[in-house]
Amino acid sequence: MKTRRLGKTELMVSEIGFGGEWLERHPEQEAIDLIRYAEKQGINIIDCWMPDPKSRDIIGKAIADSRDKWYVQGHIGSTWQDGQYVRTRDMRHVKPAFEDLLRRIGGGYIDLGMIHYIDTQEDWNSSMNGPFIDYVRHLRDTGVIRHIGMSTHNPRIAKMAVETGFIEMILFSINPAFDMKPASDDLTAMFADYDASLSGIDPERASLYRLCEEKDVGITVMKGFFGGRLFDAATSPFGAAFTPVQLIHYGLTRPGVCSILCGYDTPAQIDAAVAYETATDDERDYASVIAHAPLHAYRGQCTYCGHCAPCPMEIDIAMVNKFYDLAVQQPAVPDSVRQHYLALGATASACIGCQGCEERCPFGVPVAERMVKTAELFGC
Ligand code: SF4
Ligand code: SF4
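Parameters at a glance
Residues numbered from 1 in each chain as written. Chains lettered and ligands numbered in written order. Predicted model: local features only at pLDDT ≥ 70, side-chain atom pairs only at ≥ 80, totals over all residues. Near = placed C-beta within 6 Å. Nonpolar A, V, L, I, M, F, W, Y, C, P; charged D, E, K, R; others polar. Helix = DSSP H or I, 4+ residues; strand = E, 2+ residues; numbered from the N terminus. Axes fitted to C-alpha atoms, helices over the stretch in contact; angles between N-to-C directions. Contact = placed C-beta atoms within 7 Å. Pairing = 2+ DSSP bridges. Domains from an automatic or database assignment. Parallel < 35°, antiparallel > 145°, perpendicular 65-115°, else oblique. Left-handed = near helix turned anticlockwise from the far one by under 90°.

### Remarks on the site of ligand 2
Near ligand 2, the surroundings consist of 14 residues, among which C302, C305, C308, A318 and C361 are the closest. Each residue belonging to the shell around ligand 2 can be placed in one class, and the counts come to 10 nonpolar, four polar and no charged.

In structure tokens, the structure reads:
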């Protein structure tokens, strides 16, 4: 496994990393074994944005005997309230949630203390002035976090973070669909000379990558596979399927990018990502897929990230969206999907259309509208 220097943090992180958000859906020992398997393959960086105790315990137990071999991205501002994820800057919740993370991860420190998920100017303004940022700086000054990072999906906010000088790295969502300039009739021309320059990529995102390189701010990547959507021509915004290796290569060839944090359910999926290290140039070639793909819009598609929670009606929006997407790809709703859907605590028909989730969704998913369609499709 090759490592890359994560910008000014000087940490040498594995090119392929571990995004932890799927751990929670596995039995504890199975998830622990998965992390240990990843470690054996040379993976040494893991993201823990999740506030739930189960995910945090899994990571802590998995790395207990090798804490010094791992770099943990631990998020500040991701909290667990009444059994739900809540993103907040309210210090009454931020502090205990971070202390809980520290305790469960173990070792007494977090390598990369991540300012959790700022996507709006308003959140940026309030987070960067006052007790929240004072707390982050205090954690860094006292060595509890070794470096300050930030997660965001918004290139404009990411550039502001890079310009501060004290935010040393960012976790940013990158894949060919997110990067692509939304409007163009000529994809072939748009992606000509794609590797050599950033032509074809949204200018704001391209300038972010250049700025990161210039300011020595490393990027770790989330959503590199667009929630698995890019593996299937039917769900890919390009109308063409990519392999994990191609998408990893896409991410790793953006300026400033140091590691692609993939989500894994099985050792085989880890193998498929780690196969990047020994892949040929042909196997890595994503550009030919893009160049021959029909162009589709991607905005409005759910990546199952969970950032829209909490729902006042306790709907697990990401899971409902996932079952809806799985169901509509088939001529009839498969029984297995229906059973999983019915097993959810609350189904789409519970939606009251408040649209609070839509304000929190970074991808502009019309959740309330989809809830209506989902309720119609499943009949509840
Ligand atoms: S619009 Fe529906 S799904 Fe979204 S938060 Fe409101 S009740 Fe929940
Ligand atoms: S609706 Fe938006 S925030 Fe919620 S899971 Fe889907 S992409 Fe994420």
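### What about the site of ligand 1?
Neighbouring ligand 1 are 15 residues; C311, C351, C354, C357 and A368 lie closest to it. For the shell around ligand 1, the element with the most residues is helix 17 (residues 367-378), which contributes three residues. Split into classes, the residues belonging to the shell around ligand 1 amount to 12 nonpolar, three polar and no charged.

### A short note on the packing of helix 2 (residues 53-62) against helix 3 (residues 91-105)
At a minimum axis separation of 7 Å, helix 2 and helix 3 run at an interaxial angle of 35°. Contacts between helix 2 and helix 3 involve P53, R56, D57, I59 and G60 from the former and L101, R104 and I105 from the latter. Counted by class, the contact of helix 2 with helix 3 contains four nonpolar, one polar and three charged residues.

### Quick word on the sheet that holds strand 11 (residues 218-222)
With parallel pairing, the eight strands of this closed barrel are ordered in space as 3-4-5-8-9-10-11-12. Going from strand to strand, the sheet's axes swing by 30° on average, the running direction of each strand aside. Pairing of strand 10 (residues 169-173) with strand 11 involves five bridges; the strand directions are parallel. Its bridge partner lying in strand 11, S173 is registered against M222. Contacting strand 4 (45-48), strand 5 (71-76) and strand 8 (110-115), helix 3 runs over the sheet at an angle of about 160° to strand 5.

### Quick word on the domain arrangement of the chain
Domain boundaries assigned for the chain yield domain 1 (3-291) and domain 2 (317-378). One C-alpha centre belongs to domain 1, the other to domain 2; they are set 26 Å apart.

### Some thoughts on the pairing of strand 7 (residues 84-87)
Inspection of the sheet shows strand 6 (residues 78-81) paired to strand 7 by four bridges, in the antiparallel sense. Counterpart to Q81 in the pairing with strand 7 is Q84. Between strand 6 and strand 7, which pair antiparallel one after the other, the connecting turn spans two residues, and D82 there sits at a positive phi close to 55°.

### What about the environment of A273?
By the secondary structure assignment, A273 is in helix 11 (residues 267-274). Placed 25 residues apart in sequence, A273 and I248 show a C-alpha to C-alpha distance of 7.6 Å. Those residues within four positions of A273 in sequence are excluded, and the remaining contacts are I16, P244, I248 and C262.

### A look at unusual backbone geometry
Each neighbour pair has its own omega, and for A309 with P310 the value is 5°, a cis peptide bond. Inspection of the secondary structure assignment puts P310 in the loop between helix 13 (287-291) and helix 14 (317-328). Here D216, not a glycine, exhibits a phi torsion of approximately 60°, which is positive. The residue D216 is located in the loop between helix 9 (203-215) and strand 11 in this model.

### Focus: the packing of helix 1 (residues 28-40) against helix 2
It is the contact of helix 1 with helix 2, at a shortest axis distance of 9 Å, that shows an interaxial angle of 50°. Judged on the interaxial angle alone, helix 2 and helix 1 are oblique. The interaxial crossing formed by helix 1 with helix 2 has right-handed handedness. Between helix 1 and helix 2, the contacting residues are E28, A31, I32, I35 and R36 on the first element and I58, I59, K61 and A62 on the second. The residue inventory of the contact of helix 1 with helix 2, partitioned by class, reads six nonpolar, no polar and three charged.

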